[in-house]
Amino acid sequence: MSMAAQLDVAAGALLTVWDGARERTANRISTAQLRAVMLVERQDGINLRRLASGLDMLLSSASRLCDRLVAAGMLEREPGRADRREISLHLTAEARRLLDELREDRRQRLAEILADMTPEARAALLHGLQEFDEAARERLVRPVSPLVPQADQPEAEQLPESRAGGDAPRAWPAGESAVFRTA
């Protein structure tokens, strides 16, 4: 079995922890709504057009999604500072509580699993995942899910640097994994 196939199998438990935490929020908001909330968290004040782009949605679909999130008390709309016709989106305290609960749930479950590992295995896992994250940053144009466009990124998607040279690749913030970005 190839290394990639072995990693795919081994990562199943990690993804199960992520999915389980996300499922436990499903009674409050859908997965698409959760992705939108997380995008607004990363880019407070994002406008609807950028939100739609970041979620790979039509503008009309993103608008309806925001309507549902406003009705659920998760988002607030505010007229833009530069252009009052443009609406900026912000999280409510309820949305922040939901994200905190989601992350705490994941961390608790991960801690339980990590407690069953030796200190050496935990250190090796962390080291390996950090190297994986660095390598992925150099290769990926977009993470698995186009959840969070970067604040310093222009509207058009930037392509990563080829090994022969060119502009620097687009990266997500240090310490944030691609899996986190999808949950």
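The preceding data block contains the structure.
Residues numbered from 1 in each chain as written. Predicted model: local features only at pLDDT ≥ 70, side-chain atom pairs only at ≥ 80, totals over all residues. Heavy atoms only, no water.

Attention now moves to the pairing of strand β2 (residues 87–91). Taken across its five residues, β2 has four buried, putting it largely inside the fold. Across five bridges, the pairing between strand β1 (residues 75–79) and β2 is antiparallel. Its bridge partner lying in β2, Pro79 is registered against Ile87. (Buried < 20%, exposed > 50% of the residue type's maximum accessible area, 1.4 Å probe, protein only. Helix = DSSP H or I, 4+ residues; strand = E, 2+ residues; numbered from the N terminus. Pairing = 2+ DSSP bridges.)

So, on to the pattern of salt bridges. Summed over the entire model, instances satisfying the criterion amount to eight salt bridges. Across the pair Asp67 and Arg77 runs a salt bridge, and its minimum N-O distance is 2.3 Å. On the criterion of sequence distance, the pair formed by Asp67 in helix α4 (residues 59–71) and Arg77 in strand β1 is long-range, its members being ten residues apart. Here Asp67 falls in the partly exposed class, since its relative accessible area comes to 38%. Judged by relative accessible area, which is 40%, Arg77 ranks as partly exposed. Here Arg97 makes a salt bridge to Glu94, at a shortest N to O gap of 2.9 Å. Highlighted residues: Arg97 and Glu94, both in helix α5 (residues 93–115), separated by three residues, approximately one helical turn. Connected through shared salt-bridge partners, Arg24, Asp105 and Arg109 make up one network. (Salt bridge = Lys/Arg side-chain N within 4 Å of Asp/Glu carboxyl O.)

Attention shifts here to the packing of helix α2 (residues 31–42) against α4. α4 packs onto α2 with a crossing angle of 85° between their chain directions and a minimal axis gap of 10 Å. Considering the angle they form, α2 stands roughly perpendicular to α4. Together, Ala32, Gln33, Ala36 and Val37 of α2 and Leu65, Arg68 and Leu69 of α4 make up the contact between the two elements. Looking at side-chain class alone, the contact of α2 with α4 contains five nonpolar, one polar and one charged residues. (Axes fitted to C-alpha atoms, helices over the stretch in contact; angles between N-to-C directions. Parallel < 35°, antiparallel > 145°, perpendicular 65-115°, else oblique. Contact = heavy atoms within 4.5 Å. Nonpolar A, V, L, I, M, F, W, Y, C, P; charged D, E, K, R; others polar.)

If you check α5, its first and last C-alpha atoms are 32 Å apart, about what 23 residues at 1.5 Å a residue would give, namely 33 Å. By the burial criterion, the buried members of α5 are Ala95, Leu98, Leu99, Leu102, Arg103, Asp105 and Arg106. (Expected span 1.5 Å × (residues − 1).)

Right, let's talk about the packing of α2 against α5 for a bit. Relative orientation and spacing of two packed helices are given, respectively, by the angle between their axes and the distance between those axes. Orientation of α2 relative to α5, taken along the N-to-C sense of each, is 105°, at an axis distance of 11 Å. Classed by the angle they form, the pair α2 and α5 counts as roughly perpendicular. In this structure, α2 contributes Leu34, Val37, Met38 and Glu41 to the contact, and α5 contributes Ala95, Leu98, Leu99, Leu102 and Arg103. Along the lines of polarity and charge, the residues of the contact of α2 with α5 split into seven nonpolar, no polar and two charged.

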